[in-house]
Number of protein chains: 2
Amino acid sequence: MSLTVVGSIAYDAVITPFGERERMLGGAATHFALAASFFDQVRVIGPVGDDFDGQSWEVLQTRGTITDDVEQVAGGKTFFWKGEYHDNLNSRETHVTELNVFEDFKPKLSNEAKACDVLFLANIVPDLQNEVRGQCQQARFVAMDSMDLWINIARDSLVETIAGVDCLILNDEELELLTEAPNFVSAANEILQWGPSSVIAKQGKYGAALFTKEGYFALPAFPLATVVDPTGAGDSFAGGFVGYVAAHPERPIDHQLLTEAMVYGTALASFNVEDFGTERIVELTGNEIAGRVGELQQMTTFAHQPIVLRS
Amino acid sequence: MSLTVVGSIAYDAVITPFGERERMLGGAATHFALAASFFDQVRVIGPVGDDFDGQSWEVLQTRGTITDDVEQVAGGKTFFWKGEYHDNLNSRETHVTELNVFEDFKPKLSNEAKACDVLFLANIVPDLQNEVRGQCQQARFVAMDSMDLWINIARDSLVETIAGVDCLILNDEELELLTEAPNFVSAANEILQWGPSSVIAKQGKYGAALFTKEGYFALPAFPLATVVDPTGAGDSFAGGFVGYVAAHPERPIDHQLLTEAMVYGTALASFNVEDFGTERIVELTGNEIAGRVGELQQMTTFAHQPIVLRS
């Protein structure tokens, strides 16, 4: 078993109604790895700069994550993003995006990285995702994320990349934007014709929905009275979801397995938003995850009582 | 068993991406009654004008709904609303609101209406809801809806009215507006301190969440590739939900019963939006409802497989 992720490693500055951080470890690959490392050994591919410090390496290597494929660019600076959440966290404003070492990033995969069993392509330029995907021919499950930017400026590349993966994980509004379908249900159904055998519509605070050729599954988000910082929630979801698949090499990757994976993705995402950046997941324990999965089951289970309806 | 609803009976004109209707039967009490009548005999209280035609009476009386308390105002005109849905049905624009007979509406309850076992106060002026609630002293379950208008212009009356009911059913954003809480979870938890023993956060296409003093339950919406007209979905939800409670006089009104009721509310709402106005629910059968409830269970059930997490 081995799980490779390619994506951004970053320093983030965020302002939320609950406080701010001027410089914290972030990036899609970071959040993914921290969540997925509960399930399998993760190998991270992505660039950092000279400024990437010892504590950040340590966090990235939590639970044995291998960082041999992380390229430290001499003279370069780590990707930096600064954003602010408004309107009860419902909207996000980007103040600064400095691509830095990410601007000229060309993923170089070691043989170990290429030999991965499961691959996650975090949100980067679609052509790079496609190139990495092509190098990992043995992977029995490949999932990917993307964003509205690529839908708007690189749609053809994105569609081609999607055709080569098993699972597309996207926000519901991005699914609609990508397909021009009137809702995420018809959007996801259309994308199932493009190549992937599963599509996940992330719905933020409302939860997530899974579409496969076998069926449909939806899970509400875990109810939190306080959300401190939503940054990285989608990547933590992907980490829990893809990690769960990676942890079950003996099972077929079918609708049933993916529904179980959805629950772990949902649990990990819910922990992620309880504190800034990686702060909550870094201290998270397996027992806490198991507890929340049990709570999610309790919160979504109902007895189906037959009832005689009037006519 | 008897179920009374007070609320609007209307003629609606709507424009959606799928077509339009110039004049169709609508109103909160109408949509509620059509859904709830699958579960119990419904008694409707609300005003109509001289223009209320025979076919409309017939639809309102579907499955034995009693219209003796519907007041036909001589020389008056039935409430009229005209609206248009934009942006994949995500936003609604009101073109015309003619209150007509609704402007001077003072609910007059017959003794039979007052003696109801279960009461639903659809969205009308909070003071009128409160007055009707006060007249139905024997009701063992009273639920109510409201809207942003009353939160903005009659908040004190609304809060007082809420304090006197068992269950508040509101859109999640309205719950946030009402309490000024940052999210619907903390909003609902706050309202549980005001008097009601249950609060439902309706989330439109995402589903609905139930908060009681015993726990939390959430159910995604039924996935529809085509939504024709969302008008009345919330009232159909309330009809299925409240109707299910009314249909079980022998059971305590606890978290368990309300979770089951949520499923029927969700099923009824999903049928409502499949066609314009009342057109789908009028032809709906009990077998179709039972089938959809079964599908909802299948779509939300997952196996909780214990897994050894890495540390």
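Just above sits the structure.
All of the points below concern the structure found in this document. Quick caveat, the model's predicted, so the values are computed rather than measured.

Criteria and thresholds
Counting restarts for each chain: residues are numbered from 1 in the order of the written sequence. Throughout, the order in which chains and ligands are written sets their labels, letters from A for the former and numbers from 1 for the latter. Given that the model is predicted, a residue must reach a pLDDT of at least 70 before its local features are reported, and side-chain atom pairs must reach 80 or more before they are shown or counted; all residues, however, enter totals for whole chains, interfaces and linings. Derived side-chain values reflect all non-hydrogen atoms in the structure, with water molecules and hydrogen atoms excluded from consideration. We call two residues in contact when some of their heavy atoms are within 4.5 Å. Accessible area that two parts lose when put together, evaluated with a 1.4 Å probe and summed over both, is termed the buried area. Salt bridge, as used here: a side-chain nitrogen of Lys or Arg that lies within 4 Å of a carboxyl oxygen of Asp or Glu. Polar contacts here mean pairs of N or O atoms no more than 3.5 Å apart (in protein, one a potential hydrogen donor and the other a potential acceptor; neighbouring residues in sequence count only if both atoms are side-chain atoms). Each helix is a run of H or I in the DSSP string that is no shorter than four residues. Each strand is a run of E no shorter than two, and both are numbered from the N terminus. Put simply, Ala, Val, Leu, Ile, Met, Phe, Trp, Tyr, Cys and Pro go in the nonpolar bin, Asp, Glu, Lys and Arg in the charged bin, and everything else, Gly too, in the polar bin. Copy-to-copy alignment: least squares on C-alpha atoms, limited to residues at pLDDT 70 or above in both. By this definition, two strands are paired if DSSP reports at least two bridges between them. Lines fitted to the C-alpha atoms define the axes, with helices restricted to the stretch that makes contact. Angles between their N-to-C directions range from 0 to 180 degrees.

To continue, consider the interface of chain A and chain B. With 55 residues of chain A at the contact, the number on the chain B side is 55 residues. Taken together, both faces of the contact between chain A and chain B bury some 4,700 Å²; the carbon and sulfur share is 59%. Sorting the residues of chain A by area buried against chain B places Tyr206, Phe302 and Arg310 of chain A first, and these three jointly supply 18% of that buried surface. One can count 2 salt bridges joining chain A with chain B. Where Glu176 of chain A meets Lys205 of chain B, a salt bridge forms, and the shortest distance between an N and an O atom there is 3.9 Å. The tally of links from chain A across to chain B stands at 16 residue pairs in polar contact (both at pLDDT 80 or more). Sort the elements by how many residues they give to the side of chain A that touches chain B and helix H12 (residues 286-300) of chain A lands first, with 9 residues. Tallied by class, the residues present in the side of chain A that touches chain B amount to 29 nonpolar, 18 polar and 8 charged.

This part is about the relation of the copies chain A and chain B. Note on the copies: chain A fits chain B at an RMSD of 0.0 Å, the axial shift is 0.0 Å, and the rotation between them is 180 degrees. Here the copies are linked by what is in effect a two-fold axis. Here 100% of the interface residues in chain A have copies in chain B that are interface residues too; the copies meet face to matching face.

Further remarks concern the sheet that holds strand S4 (residues 42-49) of chain A. Residues and elements named next belong to chain A. Reading across from one edge, S5-S4-S1-S8-S9-S10-S11-S12-S13 is the order of the 9 strands in this open sheet, with mixed pairing throughout. Both edges of this open sheet fall to strand S5 (70-73) and strand S13 (216-220), since each of them pairs with a single strand only. Pairwise comparison of adjacent strand axes, ignoring direction, gives a mean angle of 15 degrees for this sheet. Two elements, strand S1 (residues 3-6) and strand S8 (residues 118-121), share 4 bridges in a ladder whose sense is parallel. Of the residues in S8, the one forming a bridge with Val5 is Phe120.

With that settled, consider the sheet that holds strand S2 (residues 10-16) of chain B. Residues and elements named next belong to chain B. Ordered by their spatial adjacency, 4 strands build an open sheet running S3-S2-S6-S7, and the pairing between neighbours is mixed. In this open sheet, the two strands that pair with only one neighbour each are strand S3 (19-26) and strand S7 (91-98). With direction set aside, neighbouring strand axes in the sheet form an average angle of 20 degrees.

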